[in-house]
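Survey of secondary and tertiary structure
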Amino acid sequence: MRIFVYGTLLDPDVLRAVLGRRVPAAQRSKATLAGVRRVRAVGHRYPILVRARGQAVSGMVLDGLDAADAARLRHYENDGYALVRRRVELGDGSMISAHVFVPVRRLAGTNEDWNLATWQGRGKRTALAAIRAHMRAFRLQNRSTRKS
């Protein structure tokens, strides 16, 4: 599975906490998604994508993900998001198809662009603790499901 990430999952610590492992460099590629803008979701510190003609969002494609990785990513993003296929441009100019998490319920975006470095400086520490707890709950839930 191939997924384009554009927000907190661009942070290596967050990605590792969510997937429970490091993603090798060979499975990560810089990429761009056209026709959208990355803004902060109203009332939250994380970004959402909004349509924006003539604009594009830089991010990263994670390639070669397995079903367990996909399940962990879905848990992290929660049921407020769906995976949809989009065409993204890799750093070498080639176009590929990748899944992107998009909100299924209408989240309002601020007019403020979301910036990874700003988030890392202001919100990462608190968010990372919450993310680790959220993913521990996922592991525990899956253990009990397998034992049943």
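**Overview of the pairing of strand β3 (residues 47-62)**
The pairing of strand β1 (residues 3-5) with β3 spans three bridges and is antiparallel. Bridge assignment links F4 to a residue of β3, and that residue is V61. Once strand β2 (residues 28-41) ends, the chain turns through five residues before running back antiparallel as β3, passing G43 with a positive phi of about 80 degrees.

**Looking at the environment of A108**
Relative to the elements of secondary structure, A108 occurs in the loop between β5 (95-103) and β6 (109-113). Here A108 falls in the partly exposed class, since its relative accessible area comes to 44%. Residues A108 and Q141 lie 33 residues apart in sequence; the distance between their C-alpha atoms is 31 Å. In this structure, A108 is in contact with R40, A41, V42 and I48, ignoring residues within four places of it in sequence.

**Some thoughts on the pattern of salt bridges**
Pairing is possible between side chains of opposite charge, provided their charged atoms come close. Inspection of the entire model under this criterion finds six salt bridges. D63 is paired through a salt bridge with R2; the nearest N and O atoms lie 3.5 Å apart. With a gap of 61 residues between them, D63 in the loop between β3 and α2 (67-77) and R2 in the segment before β1 connect regions that are remote in the sequence. Classification of D63 as partly exposed rests on a relative accessible area of 30%. The partly exposed category is assigned to R2, whose relative accessible area is 28%. The salt bridge partner of K124 is D11, with a shortest N-O separation of 3.0 Å. Here K124, found in helix α4 (residues 124-147), pairs with D11, found in the loop between β1 and α1 (12-19); they are 113 residues apart in sequence, far enough to count as distant. A cluster of three or more residues bridged by salt bridges with shared partners is formed by D11, D13 and K124.

Analysis parameters
Residues numbered from 1 in each chain as written. Predicted model: local features only at pLDDT ≥ 70, side-chain atom pairs only at ≥ 80, totals over all residues. Heavy atoms only, no water. Pairing = 2+ DSSP bridges. Helix = DSSP H or I, 4+ residues; strand = E, 2+ residues; numbered from the N terminus. Buried < 20%, exposed > 50% of the residue type's maximum accessible area, 1.4 Å probe, protein only. Contact = heavy atoms within 4.5 Å. Salt bridge = Lys/Arg side-chain N within 4 Å of Asp/Glu carboxyl O.

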